[in-house]
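# Results of the structural survey
If you want the building blocks of each chain, they are given just below.
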Amino acid sequence: MKMAVETATGTGTLPQIKGVKEVPYDELFVSGHRTCQGCESALVMRHMVKAAGPRTIVLGSTGCMYVANTTYYSTPWVVPWMHTQLGASGSAALGTAAGLKVLMRKGKLKDEKINVIAFCGDGGGADMGIGAISAALTHKEYDLLVLLYDNESYANTDIQLSSQTPWGAVTTFSPTGSERRIMHTRWKKNVPGMLAAGHPESRYIAAGCAAYAVDLMNKIRKALEVGGPTFVHTLDPCPKGWDYHPQYSQELGHLAVEAGIWPLYEVLDGVVNLTGPTRQIAEGRKKRKPVEEYLRRQGRFAHFTKEDVEHFQAEVDKMWEEWLIPGVIPFTIPQKDVTLLNIDKKKPLHATA
Amino acid sequence: MSELLQGNRACVQAAIASGCRFFAGYPITPSSEIAESMARLLPEVGGVFMQMEDEMASLGAVLGASLAGSPAMTATSGPGFSLMQEHIGYAALAEIPCVVIDVMRGGPSTGLPTRPSQGDVMQARWGTHGDHPVVALVPASVPEIYELTSLAFALSERLRVPALVLYDEVVGHLREPVDLGTLRLSRAERRRPTVEPSAYRPYAPDADLVPPLADFGTGYRFHVTGLTHDEAGRPTEDPAVVGALHRRLQEKVARARDDVVSFAGIGLEDAEVVVVAYGIAARAAERAVTDARARGERLGLFRPRTLWPFPDVELRAVAERVHTIVVAEMNLGQVVLEVERIVAGRARVEACLRADGTALTPDDVAHAVASAAGALA
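None of the values given here were measured: they were computed from a predicted structure.

### What about the layout of surface pockets?
Estimates place the volume of the second largest pocket at around 640 Å³. Every residue lining the second largest pocket is counted, 22 residues in all, and those nearest its centre are Phe173, Arg180 and Met183 of chain A together with Ala39 and Pro43 of chain B. Elements with a minimum of two residues in the lining of the second largest pocket: helix H2 (32-41) and strand S3 (48-51) of chain B. A per-element tally of the lining of the second largest pocket places S3 of chain B first, with four residues. For the lining of the second largest pocket, the per-class residue count stands at nine nonpolar, eight polar and five charged.

### Considering empty space enclosed by the protein
All names here are of chain A. Taken as a whole and assessed by the stated rule, the structure comprises two cavities of 30 Å³ or more. Size it by volume and the largest cavity reaches roughly 50 Å³. In this structure, the largest cavity is lined by Lys113, Ile114, Asn115, Val116, Asp143, Leu144, Leu145, Ala223, Leu224, Gly227, Gly228 and Thr230. When contributions to the lining of the largest cavity are tallied by element, the ones reaching two or more residues are strand S3 (115-121), strand S4 (144-150) and helix H7 (213-226). Taken together, the residues of the lining of the largest cavity sort by class into six nonpolar, four polar and two charged. For the second largest cavity, the calculated volume is near 30 Å³. The wall of the second largest cavity is formed by Asn151, Glu152, Ser153, Ile159, Thr165, Val170, Thr171, Gly241, Trp242 and Arg300. In terms of residue class, the lining of the second largest cavity is made up of three nonpolar, five polar and two charged.

### Points about the packing of aromatic side chains
Overall, the coordinates contain 20 aromatic pairs over all chains when judged by the stated rule. What links up through ring pairs into an aromatic cluster is the set Phe29, Tyr66, Trp77, Trp81, Phe119 and Tyr149 of chain A. Directly above the aromatic system of Tyr248 of chain A lies the positively charged group of Arg297 of chain A, at a separation of 4.9 Å from the ring centroid. A cation over an aromatic ring shows up here: Arg125 of chain B above the ring of Trp126 of chain B, its NZ or CZ 4.1 Å from the ring centre.

Thresholds applied
- Residues numbered from 1 in each chain as written.
- Chains lettered and ligands numbered in written order.
- Predicted model: local features only at pLDDT ≥ 70, side-chain atom pairs only at ≥ 80, totals over all residues.
- Heavy atoms only, no water.
- 1 Å grid on protein atoms, 1.4 Å probe; cavity = no way out; pocket = protein on both sides within 12 Å on 5 of 7 lines; lining within 4 Å.
- Points joined across faces, edges and corners; volume = space filled by probe spheres on them.
- Helix = DSSP H or I, 4+ residues; strand = E, 2+ residues; numbered from the N terminus.
- Nonpolar A, V, L, I, M, F, W, Y, C, P; charged D, E, K, R; others polar.
- Phe/Tyr/Trp six-rings, centres within 6.5 Å; stacked < 30°, edge-to-face > 60°.
- Lys NZ or Arg CZ within 6 Å of the ring centre and 35° of its normal.

Shape is all these values report; function is a separate question.
The following block contains the structure:
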């Protein structure tokens, strides 16, 4: 008997946005939340659902965007919304997408494109929920998007360290002191790179930032458009956790990208495409800013000495100069194997437009 | 000298003073201060603080550290406590000492993260599957958190059981003047094997039914498994061996009962009505009882400091003398079931319950007592 393998497909209802003027007017994430002043994650939520449109179901695991958006007796969500337990964003998205699909197949629900987006914070996604996200990304027959909003700490429970907290940053779990200046000595886990490298059934994985709103909205749309299980990771400056004045959130988002700490890119069907200033830096049209400009703006790095800044800079330089795919895939090739693996070090590894 | 100490901080200081040198945890309200204080204080005494990716991992790391030889603990609240249940069962069967602090908040699910409850008390007893021994202590004040956290380490290490300390958000965040010098500190002492490594049978018990535990890496080769096992630690399905193992696990705690079980009482000698309450509910009950006694009413308080095993013999003796027992707790009726079972008709048992995210008040208890007395008249 011949078995048909059903795969999910997009429908072409979410075209790419060419400029700010094309951004939909409708707000689907409105007032009624109690996020902090200057919260970039709230902006990610707003852009995410604006880009996805009204036929969207949003799920989210415990974290800032759950707690602050569901304070008692109020909600900012215009679209249907469900809380999932910590670590369950991948599995909740999978179940929801599968449920919709079977109801549509049986004719119990109108057959139409309904976007399923599950968000999670860096704690709920990169730490606790990575297994469920990984599992969801293997189910190619279901349309779902997992969005990881990364404010680099457990900000909701008062700034504890997560696997996304950058090297050396102060959190309540990594306080600086006279005995040990740097308590957090691990480099940030590379979540989008890891997911892109290891999930052949996921057609689309991207890294974005709300400071580049149109770029982010387009990534959301592309993720929903290509269909199947997809993943978008955003870096969200957090005034409370990063310790800066709320008015500088956008600026810090720009600096993270311009200093090359947070490269913007997407991987569509295995092809890496750098976007925004990251592409300009890679193409040599823009100079990478020193990380110091980014670090010195934040209280969480206030204890950094010159050596600490140099170490941070060296690690970022390594991402750009030695990684197999700059900023994306952290493998380096020993010089003796460059010819063996047929690698042309002069050729840019990113796909050209 | 007294100092002002928060409940969660007292827990940390007691753990470190009792020999805890390893903490693995995951932030969760209202227990996060425990992890935060551990992150600061453990490195100062050469200990290890480790943040894990979730609560399953937290207790997993604690069990590993414990087998490596260090008294170890984790702390959490309801949702995390649920995730830890499988490892609690593993610790019970594989007899790995560990201390788990559960700062109770309103549940189920996310519930009321910043509000108190006593909803996890039955989960502490039966949350993990299968018959298993467990020790659960329920402090009602900051000084008592200090004493009972310390006791938890002592019991866990001595009996090789998971020891749980349950207190609610109010006690956890309460700040009270504490004179640490006057409080009883129990020392965590683990019995190591005295035989040659080749003669070591890791699950062969001593006279107290507790087997000595070798530290990993000290030359004693042994096999730790979540499968039922024989005295050598090898998995087995032999009904005789399995049955004996289960009975020994229960019996080792039962034999140590007098060192485990404790309670406090007020006016139990002449009371006609007795309130049974633990944790913060007992503080409200205490006020209701002392006020009533000042008015000449014969009201008493029975306050378990150990919930599992329950001070059953002691409560039964009280039940012989009183006509009514009122169980005051912040859930929809959990320990009251155990009290009914223990009292078994010797006295009337009434419940004074609150499960709305707020703490019981002395008035609640006084009203419940009055209505119990009214029903009698």
